[in-house]
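Residue strings, one per chain:
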Amino acid sequence: MVYKFRVILDAEEDVFRDIAILEEDTLEDLHNAIVNAFGFDGLEVASFYTCDDTWNQEDEIPMFDTGDIPGEIKIMSDYSLSDILDTDNTKIIYVYDFINMWTFLVELAAVEDIAAGAVYPETLFSHGEMPAEAVEKQFEAEHDDYYSEFEDDLDEDDLDAFGNEDHFEDYGFEENWN
């Protein structure tokens, strides 16, 4: 079977690519197809992230095993596409280049039979031009009043714990402890 994905750049302008790839290909193969479809040089590190139906990021699937014990962490090449994605689980997040954070929403759009004579992976459709720079991400608390619940109980001494010389006495330390 062939998996057909729509890979959408997380940006204001519509930039996406439709990619067809075999279901038994790996996440590493999909990574390479995305790199080629969007014109990256492929020299940067990337990861896939599982997610729920509303694109909330879950588990990371990295390119390389960074664990303390070799083989401890499963990587892109360890997963076939059908291990992660199917008609019930259609979404995954892809991040390329952790400095610039190019972020893509990858959605399985169709599962079809292999077309005679087709070579996979294949970029089926391309829409939009890649911007010169990745969109800057704004990381914020889920609620606007996240910090306000703490502000009422703070005073100047809380904010400047090391501003006075008697602060060690407050914590049971002697000034010359060594």
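Everything here concerns the structure above.
Residues numbered from 1 in each chain as written. Predicted model: local features only at pLDDT ≥ 70, side-chain atom pairs only at ≥ 80, totals over all residues. Heavy atoms only, no water.

Section: helix 1 (residues 27-38)
Then, in step 1: The terminal C-alpha atoms of helix 1, which comprises 12 residues, lie 16 Å apart, in line with the 16 Å expected from a rise of 1.5 Å per residue.
Then, in step 2: Leu27, Leu30, His31, Ala33, Ile34, Val35, Ala37 and Phe38 are the residues of helix 1 that are buried.
Then, in step 3: At the exit of helix 1 stands Gly39, carrying a positive phi of roughly 80°. (Helix = DSSP H or I, 4+ residues; strand = E, 2+ residues; numbered from the N terminus. Expected span 1.5 Å × (residues − 1). Buried < 20%, exposed > 50% of the residue type's maximum accessible area, 1.4 Å probe, protein only.)

Some thoughts on the sheet that holds strand 6 (residues 102-112)
Then, in step 1: Within the open sheet, the seven strands sit side by side as 4-3-5-6-1-2-7. Their pairing is antiparallel. One side of each edge strand has no neighbouring strand; the edge strands of this open sheet are strand 4 (57-62) and strand 7 (122-127). For this sheet, the mean angle separating the axes of adjacent strands, direction not counted, is 25°.
Then, in step 2: Bridging between strand 1 (residues 2-9) and strand 6 involves eight bridges; their strand directions are antiparallel. The residue of strand 6 that forms the bridge with Val2 is Glu112.
Then, in step 3: Most of the contacts of helix 1 go to strand 2 (residues 16-22), to which it runs at about 145°, and overall it touches strand 1, strand 2, strand 3 (46-51), strand 4, strand 5 (91-96), strand 6 and strand 7. (Pairing = 2+ DSSP bridges. Axes fitted to C-alpha atoms, helices over the stretch in contact; angles between N-to-C directions. Contact = heavy atoms within 4.5 Å.)

Topic: the packing of aromatic side chains
Then, in step 1: Tallying each qualifying case throughout the model produces eight aromatic pairs.
Then, in step 2: Relative to Phe125, the ring of Phe16 lies with its centre 5.9 Å away and its plane at 35°, an arrangement referred to as tilted. Pair noted here: Phe16 is in strand 2 and Phe125 is in strand 7, with a separation of 109 residues, a long-range link.
Then, in step 3: With relative accessibility at 14%, the residue Phe16 sits in the buried group.
Then, in step 4: An angle of 80° between the planes, with centres 6.1 Å apart, marks the rings of Phe40 and Phe104 as edge-to-face. Here the residue Phe40 occupies a position in the loop between helix 1 and strand 3, and Phe104 occupies one in strand 6, the gap between them amounting to 64 residues. For the residue pair Phe40 and Phe104, the accessibility class agrees, reading buried in each case.
Then, in step 5: Joined through ring pairs, the aromatic side chains of Phe38, Phe40, Phe48, Tyr94, Tyr96, Trp102 and Phe104 make up one cluster.
Then, in step 6: Taking the ring centre of Tyr79 as reference, the NZ or CZ of Lys74 above it sits at 4.5 Å. (Phe/Tyr/Trp six-rings, centres within 6.5 Å; stacked < 30°, edge-to-face > 60°. Lys NZ or Arg CZ within 6 Å of the ring centre and 35° of its normal.)

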